[in-house]
Amino acid sequence: MNRLFGALALVVASVILLASCGNEPAETSSGVSSQSTSANKTLTLPFSYADTFNPYTAKTKANRELSRLMYESLFYLNENSQPINLLADTVSVSKFDCTVTIKAAKFTDGTAVTAGDIVYSANLARAEGSCYAEQLAPLVSCTAVNGNTVKFTFSICDDYITALLDFPIIKSNTHDMKDANNQSVPPIGCGPYIFESESGHYSLAVNENYYRGAVGTGNIELLNLPDDESLEHYLTSGRISLYYSDMSDGRTPKTYGKYRNVQLTNLIYLGVNCKSGPTADASMRLAISAAIDRTLVCEQSFFGYAEPSSGLFPAARSDIVSELYGDNTANYKQAVAYLEQMDYNKRDDDGYLTDKSGNRLSIRILYNSSNSTRKKLAEQLVSQLKGVGIYASTVGKDSKGFADAVSSGSYDIYIGEIKLNKNYDVSSLFTAELIGGGLPEASETAAAFAGYYAGEGMMITAYTAFCSEMPIIPLCFRCGVLTMSQNISSDIAFSLSDPYIGIRTVKR
C-alpha cells in the first residue's frame, strides 16, 4: 500500500463537523475554508444509479454508505468505538435484554416513527441476504413493548451490545416500493436527507422535518459511478468530495486530496501454540509480547495504516480494561525478565539465548505467503525478537497450506487477522476452529470470556485472565482511509456506522 501524497483542490464550502458529547452528536463550527466562494458550495458524493437505496440489500459500497444520510439509526459508533444515541432516547441493558425508548421523530412523509417501525427494520436487517445479517447474528428477537419502546433479546450478554443496533430505520412496508412506472424507489426514512432525481440530475435534498433540527450541509450533489474505473477517474480529477475505503483489497484510493486514518475492527494478532514447543510456557508468550514494538510494526509493515494495540479492544473504548494494557513500544527489560524465569540466562556467540544444555531458544513464525504484508511483518518480528535473544525463523505457506498448518497446530506462532463485530465480541478468538491445534482444552481465558458473554462474570475478570495466560498476542488494528477536499478539516468526525457523519450537525 502506498501513502497518499500531494494536494487536491476539491470544491466544498459548507461542511460542518460532528463531535460527540454526552449521548448525542453536538453542534460544532464549520470545518471548511472561510475563503470558499459561491461557485464551490456543492458537496459531491458518489452513488450507483443501477443499485438500490434499500439500506439492507444495496450491493454497492457507495449506496450502502450514502443511505446512512437518508435513514437514521438508533445508535452510531463514535471514534472511540462507543455506541452513542441517535433515535434512541433511553437505554436499559439487563443481562441478555436491551430495552430502548425512541425519540419523537417523523418520517419524510409526515408519519410518526414508532416501535413497530423499529421491529420491522430490525427483522429486515437481520434477514438472510441483508448486509447487516452477520452483524446482527447475536440478535434473537425484537418486539414492541408499546408505541415508543422496543425490547431486543440477544444470545450474548455484553456491556457494549448496543453497538450492534446501528442498522438503518425505515418505515414499515416500504422496503420494496415502486413508482407509477413500476420502478423501485427508496424506502421512506427519517434521516437528514431525501433522495431526488430530476432530468438525469441526482441529489440529496435537506429533510426540512428532520427530528434533530437543521443539518450542517445543504443539498448534496450525487455523482453516478457506473464502474470502478469511473470511481478512480472522479477521485483523481477532484469531482468527489469525500470517499472512504477500508482498503480490504490492499489498495489505497488514487487521489491527491487529504486523508486520515480510520481505525477498523480488524485485529492483527499472533496466534500462539499453547500446547507444545517453547510457547507452551506462558512466560515465553509474555516475553514475546513485551519484545514487540507495535508502533514500529504499524509504521513499517503497514505503512502507517494501522493503530498499535497490546490489547483486544481499542484502548479508548474502556478505561478499566485498557489500564491492563502493556506498552506499544518494546519493553526489553520486561521481556528478558520473563525469559530468565524459564532459565534462559546464557547467550551463544551470535547473541541468542540458550538453556542450561546450550540449546538455542528458537521459534517458528508461520504466515500466509499470499499476502506480502504478512511476509514483511514476519521478517520484522524476526528482527525484533532477536533484540531479546530469541532466534525466530519464518515459514511461509499459501492460503490452503497456511490454514492446514494452523488447524493442525504446526507452528509456534502464526500471523492472523480477524474482523470483530462492532461490539468487539472476542469469543471467537478462543475457539478451536480459529486457533487450531494451539488452543489448550482448559483455557482459562476462553472460560472467563465464555462466562462474561453468558452473563456470569465481569469483563475485567475475563481480561485479567487473558493478561495472565496470553493465548494470543494482539499487535494492532488495521485502518481504512477517508479522503477529502482541502476545504474540509482533516479532523472531520468519522463513524464506522456512518462514514458521512461528519457532514451534518444539529441544533440542540
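You'll find the structure just up there.
What counts, and at which threshold
Residues numbered from 1 in each chain as written. Predicted model: local features only at pLDDT ≥ 70, side-chain atom pairs only at ≥ 80, totals over all residues. Heavy atoms only, no water. Helix = DSSP H or I, 4+ residues; strand = E, 2+ residues; numbered from the N terminus. Buried < 20%, exposed > 50% of the residue type's maximum accessible area, 1.4 Å probe, protein only. Contact = heavy atoms within 4.5 Å. Areas by Shrake-Rupley, 256 points an atom, 1.4 Å probe, with all protein chains shown as cover. Disulfide = S-S within 2.5 Å. 1 Å grid on protein atoms, 1.4 Å probe; cavity = no way out; pocket = protein on both sides within 12 Å on 5 of 7 lines; lining within 4 Å. Points joined across faces, edges and corners; volume = space filled by probe spheres on them. Nonpolar A, V, L, I, M, F, W, Y, C, P; charged D, E, K, R; others polar. Salt bridge = Lys/Arg side-chain N within 4 Å of Asp/Glu carboxyl O. Arc of directions from axis to C-beta. Core = buried A, V, L, I, M, F, W, Y, C linked by side-chain atoms within 4.5 Å. Phe/Tyr/Trp six-rings, centres within 6.5 Å; stacked < 30°, edge-to-face > 60°. Lys NZ or Arg CZ within 6 Å of the ring centre and 35° of its normal. Pairing = 2+ DSSP bridges. Axes fitted to C-alpha atoms, helices over the stretch in contact; angles between N-to-C directions. Polar contact = N/O pair within 3.5 Å; in protein donor to acceptor, adjacent residues only side chain to side chain.

A.B. asks: Which parts of the structure should I look at to understand the overall build of the chain?
C.D. replies: Helix and strand counts for the chain come out as twelve helices and 21 strands. Expressed as a percentage of its 508 residues, the buried residues of the chain come to 54%. Taking all contacts inside the chain whose residues are at least 6 apart in sequence as the whole, residues at least 24 apart take part in 71%. In the form shown here, the chain has an accessible surface area of approximately 21300 Å², with 47% of it arising from carbon and sulfur atoms.

A.B. asks: So what exactly am I meant to see when it comes to the state of the cysteines here?
C.D. replies: Simply put, the disulfide is a covalent bond whose two ends are the sulfur atoms of two cysteines. Tallied over the entire structure, the rule returns zero disulfides. Free of any disulfide, Cys98 has its nearest cysteine sulfur in Cys142, 9.8 Å distant. Cys479 takes part in no disulfide bond, and the closest cysteine sulfur to it belongs to Cys298, at a distance of 7.5 Å.

A.B. asks: What exactly am I supposed to notice about the layout of surface pockets here?
C.D. replies: Over the atoms, a rolling probe the size of a water molecule traces out where space has been left empty. Estimated volume of the second largest pocket: approximately 400 Å³. Asp51, Gln183, Ser184, Val185 and Pro186 are, among the 19 residues lining the second largest pocket, the residues nearest its centre. Residues of the lining of the second largest pocket, tallied by class, amount to eight nonpolar, seven polar and four charged.

A.B. asks: I would appreciate a short explanation of the pattern of salt bridges in the present structure.
C.D. replies: Inspection of the entire model under this criterion finds 13 salt bridges. With its nearest N and O atoms 3.7 Å apart, the salt bridge here joins Lys151 to Asp97. Note that Lys151 is positioned in strand 9 (residues 149-154) and Asp97 in strand 7 (residues 97-102), a separation of 54 residues in sequence. Judged by relative accessible area, Asp97 falls into the partly exposed class, the value being 24%. Between Lys171 and Asp109 there is a salt bridge, with the nearest N and O atoms lying 2.5 Å from each other. In this pair, Lys171 is assigned in the loop between strand 9 and strand 10 (193-198) and Asp109 in the loop between strand 7 and helix 2 (115-125), connecting sequence segments 62 residues apart. Residue Asp109 is classed as partly exposed on the basis of its relative accessible area, which comes to 36%. Salt bridges sharing common partners tie together Asp348, Asp350 and Arg360.

A.B. asks: Just checking my understanding: could you explain helix 9 (residues 399-408) for this structure?
C.D. replies: Since one α-helical turn is 3.6 residues long, residues separated by three or four positions face the same way. Phe402, Ala405 and Val406 are the residues of helix 9 that are buried. Angularly, the buried residues of helix 9 cover 100° about the axis, an arc narrow enough to put them on a single face. Positive backbone phi, approximately 75°, marks Gly409, located one or two places after helix 9.

A.B. asks: What is the right way to look at the side chain of Thr354 in this model?
C.D. replies: Tracing the backbone through its elements, the reader meets Thr354 in strand 17 (residues 353-354). Setting aside residues no more than four positions away along its own chain, Thr354 makes contact with Asp343, Tyr344, Asn345, Lys346, Arg347, Asp348, Asn359, Arg360 and Leu361.

A.B. asks: Is there a simple way to explain the nonpolar core in this structure?
C.D. replies: Note on soluble globular proteins: their nonpolar side chains tend to be buried together. Grouped together as the largest cluster of nonpolar side chains are 135 residues, with contacts concentrated most on Phe152, Ile288, Leu312, Phe313, Leu429 and Phe449. With residues near it in sequence (within four places) discarded, Phe449 still touches Leu312, Phe313, Val426, Phe430, Met459, Ala462, Tyr463 and Phe466. With seven residues, the next largest nonpolar core counts Leu225, Tyr234, Leu235 and Tyr243 among its residues.

A.B. asks: Help me understand helix 7 (residues 332-341), please; the structure alone is not making it clear to me.
C.D. replies: Looking at helix 7, one finds that the buried residues are Ala335, Tyr338 and Leu339. On an axial view of helix 7, the arc spanned by its buried residues comes to 100°, and they lie on one face. Exposed and oriented more than 90 degrees from the buried face of helix 7 are Lys333 and Gln341. Buried residues in helix 7 make contact with helix 4 (282-291) and strand 17.

A.B. asks: What exactly am I supposed to notice about the packing of aromatic side chains here?
C.D. replies: The description of two aromatic rings rests on the distance between their centres and on the angle between their planes. Summed over all chains, the structure comprises 23 aromatic pairs. Each ring, one from Tyr424 and one from Phe477, has its centre 5.9 Å from the other, and the planes form 85°; the classification is edge-to-face. Here the residue Tyr424 occupies a position in the loop between strand 20 (413-419) and helix 10 (432-435), and Phe477 occupies one in strand 21 (residues 472-484), the gap between them amounting to 53 residues. This pair shows no difference in class: Tyr424 is buried, exactly as Phe477 is. In this arrangement the basic side chain of Arg360 is found over the ring face of Tyr391, its NZ or CZ atom lying 5.3 Å from the centre.

A.B. asks: What exactly am I supposed to notice about the sheet that holds strand 7 here?
C.D. replies: Sheets are built from strands paired through backbone hydrogen bonds, the pairs being either parallel or antiparallel. With antiparallel pairing, the four strands of this open sheet are ordered in space as 6-7-9-8. The outermost strands of the open sheet, each flanked by one partner alone, are strand 6 (88-94) and strand 8 (139-146). Sheet twist, expressed as the average angle between the axes of neighbouring strands with direction ignored, equals 20°. Pairing analysis gives five bridges linking strand 7 to strand 9, with the strands arranged antiparallel. Looking across to strand 9, one finds that Val100 is bridged to Val150.

A.B. asks: What's the story with the environment of Lys386 in this structure? I'm lost.
C.D. replies: Among the secondary structure elements, Lys386 is positioned in helix 8 (residues 372-386). The class of Lys386 is partly exposed, set by a relative accessible area of 46%. A sequence separation of 35 residues divides Lys386 from Gly351, and the C-alpha atoms of the two residues are 8.2 Å apart.

A.B. asks: I'm lost on the environment of Glu379 in this one. Help?
C.D. replies: Residue placement: Glu379 occurs in helix 8. Judged by relative accessible area, which is 43%, Glu379 ranks as partly exposed. Distance from Glu379 to Thr394, taken between C-alpha atoms, is 7.2 Å for residues 15 residues apart in sequence. A polar contact is formed between the side chain of Glu379 and the side chain of Lys375, at a distance of 2.7 Å.

A.B. asks: Even after reading the chapter, I still don't get the sheet that holds strand 11 (residues 201-206), so can you show me in this structure?
C.D. replies: Spatial ordering of the open sheet is given by 3-12-11-10, a layout of four strands whose pairing is mixed. Among the strands making up the open sheet, the edge pair consists of strand 3 (43-47) and strand 10. On average, each strand axis in the sheet is tilted by 30° relative to the strand beside it, whichever way the strands run. Sheet topology note: the strand 11/strand 12 (residues 220-224) ladder contains three bridges and is antiparallel. By the bridge assignment, Leu204 is partnered in strand 12 with Ile220.

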